[in-house]
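Listed below, chain by chain, are the residues.
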Amino acid sequence: MDHEGATVLVVEDEPSIADVLAIALRYHRFEVITAGSVRQARQVAGQTRPDVALLDVMLPDGDGRALGRELRAARPETAVVFLTARDAPAEIVGALGFGDDYITKPFNVDEVVARIRAVLRRTRPADVLPVRPRLRYGDLELDDATYAARREGGSVQLTPTEYALLRFLVRNAGRIVTKEQLLRHVWQYEHQAESTVVETYISYLRRKLDPLGPPLITTRRGVGYGLA
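Residues numbered from 1 in each chain as written. Predicted model: local features only at pLDDT ≥ 70, side-chain atom pairs only at ≥ 80, totals over all residues. Heavy atoms only, no water.

Novice: In this structure, what is going on with the overall build of the chain? I would like to understand it.
Specialist: A count of helices and strands for the chain gives eight helices and 14 strands. Put simply, of all contacts in the chain between residues at least 6 apart along the chain, 61% involve residues at least 24 apart. Surface summary for the chain: the accessible area is close to 11,300 Å², and the carbon and sulfur share equals 50%. (Helix = DSSP H or I, 4+ residues; strand = E, 2+ residues; numbered from the N terminus. Contact = heavy atoms within 4.5 Å. Areas by Shrake-Rupley, 256 points an atom, 1.4 Å probe, with all protein chains shown as cover.)

Here you go:
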């Protein structure tokens, strides 16, 4: 699927940063709408129905995280990417678990464009998805149609990114998958980057899945991740 022409809502209260992002995204043939506050973002989101919301966490009249939840609730197919200067993994895990990705400041503009493209590939791989049988591993069952995981009769809704990560682990059950492999195959990063995104999303999955059964995801320190 060609994502040129997808609409990106940039919510950033620093005009210089918003301008740089808008110029770069338009150069790569995205449609861009900018907003400098929560109030303005609500107005334009209702009028334009963006494909991706790129949200600063700290906004002058509210919290970008709450805005992200609001946009996702109103239109579940909207991808949500956060911009944050807070790069402490524990804080990110606690606050941004419902988003599809996050980018810490300062950032490289080319990386932002690449990450938005990757998010769109993950969340919208095709206009029409083929019907596939449910994927199973032990007591875990994955439903491609709903991005839901079920264990021992209990179910949990996953974000598209969480689902893609778990699905890749299941499809590679019996082996340890490295962080580099996950960045390439799940996040579709085109180049190696120093990032805590894998560790963060592994934490998201554990918080959602472990209450439903025995710990499922194992860590091989210094190597990668696998399934128990």
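Novice: In this structure, what is going on with the packing of aromatic side chains? I would like to understand it.
Specialist: The description of an aromatic ring pair uses the distance of the two centres, along with the angle that the planes make with each other. Tallied over the full model, the rule gives one aromatic pair. On the basis of an interplanar angle of 75° and a centroid distance of 4.5 Å, the ring pair of tyrosine 201 and tyrosine 204 is categorised as edge-to-face. Placement of the pair is tyrosine 201 and tyrosine 204 together in helix H8 (residues 197–209), with a separation of three residues, close to one helical turn. (Phe/Tyr/Trp six-rings, centres within 6.5 Å; stacked < 30°, edge-to-face > 60°.)

Novice: Explanation requested: the sheet that holds strand S12 (residues 177–178) in the structure shown.
Specialist: Sheet strands pair via backbone hydrogen bonds, and the direction of the pair is either parallel or antiparallel. Strand order in the open sheet formed by three strands is S12-S14-S13, and the pairing between neighbours is antiparallel. Two strands lie at the open edges of the sheet, namely S12 and strand S13 (217–220), each paired on one side alone. As defined by bridge partners, S12 adjoins strand S14 (residues 224–227) across two bridges and the pair is classed as antiparallel. From the neighbouring strand, valine 177 faces S14, where its bridge partner is tyrosine 225. Packed on one face of the sheet, helix H6 (residues 160–171) meets S12, S13 and S14 and runs near 70° to S14. Against the sheet, H8 makes contact with S13 and S14, and its axis sits at roughly 150° relative to S13, the strand it touches most. (Pairing = 2+ DSSP bridges. Axes fitted to C-alpha atoms, helices over the stretch in contact; angles between N-to-C directions.)

Novice: Please explain the sheet that holds strand S7 (residues 101–104) as it appears in this structure.
Specialist: Judged by pairing direction, the sheet is parallel, and its five strands sit side by side in the order S2-S1-S3-S6-S7 without closing on themselves. The two strands at the open ends of the sheet, each matched to only one other strand, are strand S2 (31–35) and S7. Averaged over all adjacent pairs, the angle separating strand axes in this sheet is 20°, with direction ignored. Pairing of strand S1 (residues 7–11) with S2, which is carried by five bridges, proceeds in the parallel orientation. When the sheet's bridge partners are listed, valine 8 is paired in S2 with valine 32. Seen against the sheet, helix H2 (residues 38–48) touches S1 and S2 and runs at an angle of roughly 150° to S2.

Novice: Is there a simple way to explain the pattern of salt bridges in this structure?
Specialist: Pairing of side chains with opposite charge becomes possible as their charged atoms draw close. Using the criterion set out here, one finds twelve salt bridges in the structure. With a closest N to O distance of 2.7 Å, arginine 136 and glutamate 141 form a salt bridge. Among the salt bridges present, the one from aspartate 139 reaches arginine 151, with a minimum N-O distance of 3.2 Å. Taken together, the positions of aspartate 139 in the loop between strand S8 (135–137) and strand S9 (140–143) and arginine 151 in strand S10 (residues 148–151) put the pair twelve residues apart, joining distant regions of the chain. Judged by relative accessible area, which is 3%, arginine 151 ranks as buried. The network of salt bridges with shared partners includes Glu12, Asp56 and Lys105. (Salt bridge = Lys/Arg side-chain N within 4 Å of Asp/Glu carboxyl O. Buried < 20%, exposed > 50% of the residue type's maximum accessible area, 1.4 Å probe, protein only.)

Novice: Looking at this model, I keep getting lost on the side chain of threonine 78. Mind explaining?
Specialist: Mapping threonine 78 onto the fold places it in the loop between helix H3 (64–74) and strand S6 (79–84). Excluding anything up to four places from it in sequence, threonine 78 contacts Pro50, Asp51, Val52, Ala53, Arg72 and Asp100.

Novice: Got a minute to help me understand H3 in this structure?
Specialist: Because an α-helix completes one turn every 3.6 residues, residues spaced three or four positions apart along the sequence face the same direction. For H3, the complete set of buried residues consists of Gly64, Arg65, Leu67, Gly68, Leu71 and Arg72. For H3, the angular spread of the buried residues around the axis is 155°, confining them to a single face. Away from its buried face by more than 90 degrees, H3 exposes Ala73 and Ala74. (Arc of directions from axis to C-beta.)

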